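# Working through the structure, step by step
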Amino acid sequence: MSTRLSSGGRLVNRGKAVEFTFNGRRLKGYEGDTLASALLAGGQMMVGRSFKYHRPRGLVASGAEEPNALVNLGEGGRFEPNQRATTTELFDGLTCTSQNHWPSLEFDIGAINNKLARVLPAGFYYKTFMAPRAAWKYLFEPIVRHSAGLGRAPKDRDADRYEHFYAFVDVVVIGGGIAGLQAAKAAGAGGAKVLLMEQTPHWGGRAPVDGGEVGGMAAGDHVTTLVNDLKAMPNVTMRTRMMGAGVYDHGYVLGYERVRDHAPDTPGPRHRLWRIRAGRIVTATGAIERPLSFAGNDVPGVMLASAMRDYLVDYGVSPGDRTVVVTNNDDAYRTAIALKHAGLEVPVVLDARAAGGGALAEEARGLGIRVATGKGIAKVKGGKRVTGVSICLQEGEGAALEEIKCDAVAMSGGWSPVVHLWSHCGGKLIWDDMQAHFRPDADRPPLGADGAGFVIAAGAGNGAMDLRAILADATGAGTAAAQETGHAGGETPVPEVAAQPEAAMMPVWLMPQGAGPDLRMKAWLDYQNDVKVSDVMLAAQEGYESVEHTKRYTTLGMATDQGKLSNINGLATLASQLNAPIPSVGTTTFRPPYTPISMGAIAGEARAEVFQPLRRTPIHDWHEAQGAHFEPVGQWRRPYCFPRGGESHAEAVRREIDQTRGSLGILDASTLGKIIVTGPDAPKFMDMLYTNMMSSLKPGKCRYGLMCNENGFLMDDGVVARLDEETFLVHTTTGGAEHIHGHMEEWLQTEWWDWKVYTANVTEQFVQIGVVGPNARKLLDKLGGMDVSKEAMAFMEWKDGTLGGFDARVFRISFSGELSFEIAVAASVGRAFWDTLLEAGEEFGITPYGTEALHVMRAEKGFIMIGDETDGTVIPQDLGLGWAISKKKEDYLGKRAQTRPHMADPERWKLVGLETLDGSVIPDGAYAVAGGHNANGQRSTQGRVTSTYHSPTLGRGIAMALVHRGPDRMGEVIEIAKLDGSTVSAKIVSPVFYDPEGEKQNV
Amino acid sequence: MSEAVSALNAATASGVATVEEVGLRGMITLRGDLSGKAVAAAVKAAVGAGVPDVRRIVQGDQGAAAWMSPDELLLLTGYDRAAEAVAAAQDAMGTAHGLVVNVSDARAGFRVSGGGAREVLGKLSPVDFSAEAFGAGQFRRSRLAQVPAAIWANENGSLEVICFRSVAQYVFDLLRVSGETGGEVGFYRA
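Residue numbers restart at each chain and count upward from 1, following the sequence in its written direction. Whichever chain is written first is A, and whichever ligand is written first is 1; the rest continue in order. In view of the model being predicted, local features appear only for residues whose pLDDT reaches at least 70, and side-chain atom pairs are presented and counted only at 80 or more, with totals across whole chains, interfaces and linings using the full set of residues.

Per an unreviewed UniProt entry, chain B goes by the name Sarcosine oxidase subunit gamma and belongs to Salinihabitans flavidus.

The name an unreviewed UniProt entry assigns to chain A is Sarcosine oxidase subunit alpha, from the organism Salinihabitans flavidus. UniProt positions are given in the numbering used here, feature names are shortened, and annotations may be inferred rather than shown by experiment. Check the Sequence similarities (unreviewed entry) section of the UniProt entry for chain A; it says "Belongs to the GcvT family."

### Thoughts on the overall build of chain B
Helix and strand counts for chain B stand at 4 helices and 11 strands. Its C-alpha atoms give chain B a radius of gyration of 17 Å, within 12% of the compact-globule value 16 Å for 190 residues. Oriented by its inertia axes, the alpha-carbon framework of chain B measures out at about 55 × 40 × 30 Å. Exposed residues have 12 or fewer other C-beta atoms within 10 Å of their own C-beta, buried residues have 20 or more, and partly exposed residues fall in between, where C-beta atoms are placed from the backbone. The buried share among the 190 residues of chain B stands at 52%. Here the contact rule is simple: place C-beta atoms from the backbone, and any two residues whose C-beta atoms are within 7 Å are in contact. Counting contacts in chain B only where the partners sit at least 6 residues apart, residues at least 24 apart contribute 60% of the total. Secondary structure elements follow DSSP: runs of H or I no shorter than four residues count as helices, runs of E no shorter than two count as strands, and numbering proceeds from the N terminus. For a compact globule the rule gives 2.2 Å times the number of residues to the power 0.38, and the radius of gyration it is set against comes from C-alpha atoms.

### Focus on the overall build of chain A
A tally of regular secondary structure across chain A gives 26 helices and 51 strands. Structurally, chain A occupies a C-alpha span of about 115 × 70 × 55 Å along its principal axes. Counting only residues that meet the buried cut, chain A has 55% of its 1003 residues in that class. For chain A, long-range pairs separated by at least 24 residues make up 67% of all intrachain contacts whose partners lie at least 6 apart in sequence.

### Comments concerning the interface of chain A and chain B
With 41 residues of chain A in contact, the opposing surface of chain B contributes 42 residues. If you list the elements that add at least two residues to the side of chain A that touches chain B, you get strand 9 (162-174), strand 36 (673-678), strand 40 (758-761) and strand 43 (806-811) of chain A. With 6 residues, strand 9 of chain A is the largest single contributor of residues to the side of chain A that touches chain B. Under the grouping applied here, Gly and all other residues not named as nonpolar or charged are polar, the nonpolar ones being Ala, Val, Leu, Ile, Met, Phe, Trp, Tyr, Cys and Pro and the charged ones Asp, Glu, Lys and Arg. Its residues assigned to classes, the side of chain A that touches chain B comprises 21 nonpolar, 11 polar and 9 charged.

### Some details on the UniProt feature "domain: SoxA A3" (unreviewed entry) in chain A
According to UniProt, the feature "domain: SoxA A3" (unreviewed entry) maps to residues 522-604 of chain A in the numbering used here. In residues 522-604 of chain A, helix accounts for 46% and strand for 6%; the two terminal C-alpha atoms are 44 Å from one another.

### Digging into the UniProt feature "domain: GCVT N-terminal" (unreviewed entry) in chain A
With numbering aligned to this structure, UniProt lists the feature "domain: GCVT N-terminal" (unreviewed entry) at residues 619-889 of chain A. Across residues 619-889 of chain A, the secondary structure splits into 27% helix and 28% strand, with the terminal C-alpha atoms separated by 41 Å.

### A short note on the sheet that holds strand 7 (residues 80-84) of chain A
Residue and element names in this part refer to chain A. Any two strands with at least two DSSP bridges between them are considered paired. Taken together, 5 strands build an open sheet; the order of strands is 3-2-8-6-7 and the sheet is mixed. In the strand order of this sheet, the two ends are held by strand 3 (25-31) and strand 7, each with one partner. The mean inter-strand angle of the sheet, taken between neighbouring strand axes irrespective of direction, is 40°. Both strand 6 (residues 70-73) and strand 8 (residues 94-98) contribute to a ladder of 3 bridges, which runs antiparallel. Bridging across to strand 8, Asn72 finds its partner in Thr97. Axis definition: a line fit to C-alpha positions, over the contact stretch in the case of helices; interaxial angles, taken between N-to-C directions, run 0 to 180 degrees.

### Quick word on the domain arrangement of chain B
All names here are of chain B. Looking at chain B, the domain boundaries give domain 1 (12-23 + 106-178) and domain 2 (26-104). Taking only C-alpha atoms into account, the centre of domain 1 sits 22 Å from that of domain 2. Contacts between the two partners involve 9 residues from domain 1 and, on the opposite side, 10 residues from domain 2. Its residues placed into classes, the side of domain 1 that touches domain 2 shows 4 nonpolar, 2 polar and 3 charged. Domain borders in the structure are assigned automatically or taken from a domain database.

### Quick word on unusual backbone geometry
Trans peptide bonds make up the majority, and among non-glycine residues the majority have a negative phi. Residue and element names in this part refer to chain A. Omega for the bond connecting Met511 with Pro512 falls within 30 degrees of zero, at -10°, which places this linkage in the cis form. Mapped onto the secondary structure, Pro512 falls in the loop between helix 12 (467-484) and helix 13 (517-520). In this structure, the amide linkage connecting Pro592 to the following residue, Pro593, adopts the cis form with an omega of -5°. Of note in the backbone geometry, His54 takes a positive phi value of approximately 55° without being a glycine. Tracing the chain through its elements places His54 in the loop between strand 4 (46-49) and strand 5 (56-58). Unusually for a residue other than glycine, His250 sits at a positive phi of about 60°. You can call His250 exposed: it has 10 C-beta atoms within 10 Å.

### Overview of the packing of helix 14 (residues 533-541) of chain A against helix 15 (residues 547-554) of chain A
Residue and element names in this part refer to chain A. The geometry of helix 14 relative to helix 15 is characterised by a closest axis approach of 10 Å and an angle of 125° between their N-to-C directions. In this view, helix 14 runs oblique relative to helix 15, as classed from their interaxial angle. Once helix 14 is placed against helix 15, the crossing between them reads as right-handed. Across from Asp535, Val536 and Ala539 in helix 14, the residues of helix 15 making contact are Thr550, Tyr553 and Thr554. The residue inventory of the contact of helix 14 with helix 15, partitioned by class, reads 3 nonpolar, 2 polar and 1 charged. Angular relationships are summarised with four words: roughly parallel below 35 degrees, roughly antiparallel beyond 145, roughly perpendicular across 65 to 115, and oblique for the angles in between. Handedness of a helix crossing follows the sense of rotation of the near helix relative to the far helix, less than a right angle counterclockwise being left-handed and clockwise being right-handed.

### Notes on helix 15 of chain A
All buried positions along helix 15 of chain A are accounted for by Val547, Thr550, Lys551, Tyr553 and Thr554 of chain A. One or two residues past the end of helix 15 of chain A sits Thr555 of chain A, with phi positive at roughly 70°.

### Regarding the sheet that holds strand 26 (residues 408-412) of chain A
Residues and elements named next belong to chain A. Pairing in this open sheet of 5 strands is parallel, and the strands run 18-26-20-21-22 from one edge to the other. For this open sheet the edge positions go to strand 18 (302-304) and strand 22 (371-373), each flanked by a neighbour on one side alone. Shown here is a sheet whose adjacent strand axes are inclined to one another by a mean of 20°, direction ignored. Two strands pair when backbone bridges link them, and strand 18 and strand 26 are joined in this way by 3 bridges, in the parallel orientation. Following the sheet pairing, Leu304 is matched in strand 26 by Met411.

### Points about the packing of helix 5 (residues 178-190) of chain A against helix 7 (residues 219-231) of chain A
Residues and elements named next belong to chain A. Contact pair helix 5 / helix 7: the axes reach a minimum separation of 10 Å and the direction vectors enclose 35°. Considering the relative orientation of helix 5 and helix 7, their crossing is left-handed. On helix 7, the residues touching Ile178, Leu181, Gln182, Ala184, Lys185 and Gly188 of helix 5 are Ala219, Val223, Leu226, Val227, Asp229 and Leu230. Classifying every residue of the contact of helix 5 with helix 7 gives 8 nonpolar, 2 polar and 2 charged.

### So, the nonpolar core
Counting residues in hydrophobic clusters, the biggest one holds 250 residues, and the most contacted among them are Ile28 and Val171 of chain B. Top element by residues in this core is strand 9 of chain A. It accounts for 10 residues. If sequence neighbours within four positions are ignored, Val171 of chain B has contacts with Phe110, Leu144, Val147, Ala149, Val161 and Cys163 of chain B. By definition, a nonpolar core groups buried Ala, Val, Leu, Ile, Met, Phe, Trp, Tyr and Cys residues that connect through C-beta atoms lying within 7 Å of each other.

### Points about the pairing of strand 8 (residues 107-113) of chain B
All names here are of chain B. For strand 8, the tally of buried residues reaches 6 of 7 residues, placing the bulk of the element in the interior. Relative to strand 8, strand 2 (residues 18-21) runs antiparallel, the two sharing 4 bridges. Following the sheet pairing, Val19 is matched in strand 8 by Val112. Bridging between strand 8 and strand 11 (residues 159-164) involves 6 bridges; their strand directions are antiparallel. Residue pairing for strand 11: Ala108 is matched across the bridge by Cys163.

### Considerations on the environment of Val171 of chain B
Examined against the element boundaries, Val171 of chain B turns out to sit in helix 4 (residues 168-178). Separated by 92 residues in the primary sequence, Val171 of chain B and Tyr79 of chain B place their C-alpha atoms 21 Å from one another.

### Things to note about the confidence of the model for chain B
Looking at chain B as a whole, its pLDDT mean stands at 96, while 99% of the residues score no less than 70. The ipTM, which scores confidence in the relative placement of chains, is 0.97 for this predicted complex, and the corresponding pTM is 0.94. Residue-level confidence of the predictor, termed pLDDT, takes values from 0 up to 100.

### Some thoughts on the pairing of strand 20 (residues 323-327) of chain A
Residues and elements named next belong to chain A. Within strand 20, 5 of the 5 residues are buried, which leaves it mostly tucked inside the rest of the structure. Residues Thr323, Val325 and Thr327 of strand 20 are buried on one face, and the alternating residues Val324 and Val326, pointing to the opposite face, are buried as well. Pairing between strand 20 and strand 26: 5 bridges, direction parallel. Residue pairing for strand 26: Val326 is matched across the bridge by Met411. Here strand 20 pairs with strand 21 (residues 349-351) via 3 bridges, running parallel. Paired with Thr327 across the bridge in strand 21 is Asp351.

### As for the environment of Leu196 of chain A
Residue and element names in this part refer to chain A. Topologically, Leu196 is positioned in strand 10 (residues 194-197). Judged by the 29 C-beta atoms lying within 10 Å of it, Leu196 is buried. Sequence separation between Leu196 and Val173 is 23 residues, and the spatial gap between their C-alpha atoms is 4.7 Å. Beyond its immediate chain neighbours, meaning those up to four positions away, Leu196 contacts Val173, Gly176, Gly180, Ala184, Leu230, Val236, Thr237 and Met238.

Laid out in structure tokens, this is it:
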């Protein structure tokens, strides 16, 4: 049993108990515990089931590298799966459950997979699910989906908020261990602006646990001194609970700050994603201990030696009463010594090295600990908990020399520097034979825009493995970072460190080295994804020589821990099977983030009311107050219709149209784009932008125009007003304003940079209101201030003046076919003007209408709508708009493209009107069917419906469609497919259904 | 004519910083050759200021001039004298090629003040808002979360934001949420 010792634990406050539950069981920890240390203290060594074989799994590590202890954390809006117990700070009321088992952690049906392990080797999925093809969709995929994934997906809306923060510093130091602290101090003393981040809540990393002597004091005390020094430096910012998640080009770093994970009920954001620009990045990321590959190394109770020491020293938790230590290096002796000092039993240290260890081994012997050299573990006994080990010769094949009862095993296979952040942006690694690990190659760092390296590795993260080397390396890194960012301030001395000579480690990739198949298939490399030594060997046998291919074939390193424990052991296993040196096999690619970060942090503040910008006209509040039904148009919300009483939307639209055509309607058209184009070359520019002639437009007049892209496709339309000789006001579609403005600027800035033209987007300067219907002029006359008679203002003219005391620009244009004015006033008085119109229009039954009435009325008139009649593949010629294409102009954007054979092909689908014979409304987006079938066995088509409405004016369904040779087939009846598979007969007619002579608008 | 109203009618919020809609203000887009005499004369005539350097805002006796792009300035003045300032600028430009247009109603403005002002904006805009990098007179055209914005620093330490009028509510909400108590970052030292 793991348990809490009666004393010890430098990070826990025994004065303050904290309650939590695990799988519904109430447990108690202390303030300062991690969930992992509290679970261990409560005797809960087994914390989950593995992904594939559902084997019982216990805590292995004490930090970010933990592969097994993943829990479903929290409930409801705070539920989150796959949370690592080792990096979860305990708080009062924490609830969590273990993952990947059914019906319970103790008894799991899925564990049957463990018995089937022989038939579930690497590549099982690829080999099994190939045939028959149909079985994938109906049989295999549902099963795989059911069994895939460790945690459950959250179902409720996230209860928390998140945010970003942009920071700019000279030097970022990632890692607050003794190396990071020292590097920050050196960089800060140099005068650089420094940001130091540490992923845990504590400074000092492993130093306080691992001990040693710096400057005549204990390493832990030296850490305290360093922290105090740094706190006193005004140019150094220190953050705990903040992980360096990723390093990107140009010194860009993502810092993931877990602001309130440890105190979820306090106000503020839960996570903050720091988006940092730094001149230099120092990665003082430390090192991670490697497991040893022996049979049964995944049985709960087998832990990394360093993790066991952490639980003991930091939290006062013992993982077991009798711990066997197995190692290939000196560091694990520290664990044996610490256990012994804590009054726990260490029956034996198994040292795989024939020559054994150095001074630490002697110290252990001195404490009466038995040390067996040249020995290893043949097999761990036990299922849900270690019960003993059988000992063998490391050089042998695993014959048991002796069995020792124990309830925990501490293993150490050496240390691997955390090179992830160094590697994210292209930093290269070098293989260190002495330490048997990859470390950053200082000669090949990630390069910045100036060709210089912008990441500097420091300390254990750089392969410096003893305290003296670590502090020297970190001092150098911090000083270099300051100097390279132009800060050559004070020198920082390297503190005196008492020597700690250690004997060389010996690489051990398999224990014992001659282990046979039975042992190899119980020797785990990747705990979370259930990859064993035998799987990697099989992959090599089957021809997977590339480490990247082996990774994907076996899933080694593909779990949520991304192989922090397994990668080096896995590729060493691959190398030995391929008889290749390890550096030539290489590593897989390290990609951000270092450990998973929350989706909320990535989204930042973008949730609820600020999820997306919602654009509002100055009349928006009025629309809302009327209960308008809105539709999105770009980021605007425009009223679709204004239902009154119990009206349906269709009824409201009908009433709005009837009232507009019968008397007077009013439309908030403020969203239409308005762009000023001015300059001596503006007429020439306008002629290039539009297909028709704009330079001939007279000041005071308006003209409808079409805009195409350089491929000839229609992209926008609208009315242009010429304000003076050099100035045009371009109206664009609602969704097109920003895009068209950008389009203009692009041509002016890249192609026609020598033309004297300036543009300005003034869309939001004005509220623009359509006053539409036979009584429109009467309303304006009633307001008074300017003459809007037919004589004073003809169709397609505009004038500045005043209306009812408002400065206004009045355009006499019509998109409905009725007598119609569009009136622009300053946005700040827009609402007042709208109210004035409503009040004055009361006697005419003035009726606000929405976008649907607008659409129906324009369709009755056969006017096209960008986005309905066009979809990016339609040219003006398809739409019968040849009249708006100048034949005289030498060029306009799209002209040459429109002469391509396919564009000029008479067989193209072209715009016509459709009238159903039975008067019904054709479904939206329907196809006109032709005889026969195409190569895919689908019915052949001869056209498609682009707009379809019920016309209240005509009392029947009307539609516009692009039909094969449509205009040549007037009067022909074609069949249009309906959703139920049947068809409806429709006659091809002119798209202008209403008032083809234009008499209504010309009054 | 009815009284003009700004987008949010002087809404306010307070948390780690105080956010206020500043209300109506005269704003003029001026485009032209910023190194030429005509533009200098126009800026002088409109707001009594000199032509600002890159990413700067300069005060004049009738308002201020801010650098928007290599060929664009934003002139700030009283709302009621915007038309007058436009006319004065156009006059001063003479026949030189340029564009002067009143955009007073197209924008909304906010003032963010108090100890957390720089932090609040630092959550939304990829700009170095430290006092060293962004002192009084500094001006940036950038973005606030998902929308374009211009930001400058006043003499009294407050920061000022201009955005498009249609997204005034969004920007106000952004500033309010980012300034909620409990969200203090503590990165900028006083």
